[in-house]
Amino acid sequence: MKFWPLHDRVVIRRAEGNTKSKGGIIIPDNAKEKPQEGEVIAVGSGARDESGTLIVPDVKAGDFILFGKWSGTEVKIDGEDLLIMKEADILGIIEKTVAAKKAA
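Residues numbered from 1 in each chain as written. Predicted model: local features only at pLDDT ≥ 70, side-chain atom pairs only at ≥ 80, totals over all residues. Heavy atoms only, no water.

1. Some remarks on the sheet that holds strand S5 (residues 64–67)
How we decide: Only when DSSP finds a minimum of two bridges between them are two strands counted as paired. Numbered from the N terminus, helices here are DSSP runs of H or I no shorter than four residues, and strands are runs of E no shorter than two. With axes taken as lines fitted to C-alpha atoms, and helix axes fitted only over the stretch in contact, angles between N-to-C directions fall between 0 and 180 degrees.
Taken together, 6 strands build an open sheet; the order of strands is S6-S7-S1-S2-S5-S8 and the sheet is antiparallel. Edge strands, defined here as strands with exactly one partner in the open sheet, are strand S6 (73–77) and strand S8 (90–94). Taking the axes of each pair of neighbouring strands and ignoring which way they run, one obtains an average angle of 45° across the sheet. Note that S6 and strand S7 (residues 80–86) share 5 bridges and pair antiparallel. Note on S7: the bridge partner recorded for Thr73 is Ile84.

The structure is reproduced here in structure tokens:
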């Protein structure tokens, strides 16, 4: 990737949404809800507090996270649709075992 986020911003690859409903009906792209989960691709160096001390981000590249429905800015980098958001918009980190089961 040729993009590095600054300060407390995080670049996220959104998880793939379900293409079928629980009943087996195929959901068209325009009717799908965008997932609120994703993988952290890159993380900035962190924000600074009022005294100038660097606050290191809690997330790192490779973490699977949960974020708010309207969080982040959608961008296209190197032909890939990604999200850029502040670390404060991230609700939590998902265990890799849970994320792997959902992807399967």
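2. Digging into the pattern of salt bridges
Threshold: Salt bridges are identified by distance alone: a Lys or Arg side-chain nitrogen within 4 Å of an Asp or Glu carboxyl oxygen. Using a 1.4 Å probe on the protein chains alone, a residue whose accessible area is under 20% of its type maximum counts as buried, one over 50% counts as exposed, and one in between counts as partly exposed.
Counting across every chain of the model gives 6 salt bridges. Between Arg14 and Glu74 there is a salt bridge, with the nearest N and O atoms lying 3.5 Å from each other. Linking Arg14 in strand S1 (residues 9–14) with Glu74 in strand S6, this pair joins segments that are 60 residues apart in sequence. Of the charged contacts in the structure, one is a salt bridge between Lys76 and Asp81, with a shortest N-O distance of 3.8 Å. According to the relative accessible area criterion, Asp81 is exposed, its value standing at 56%.

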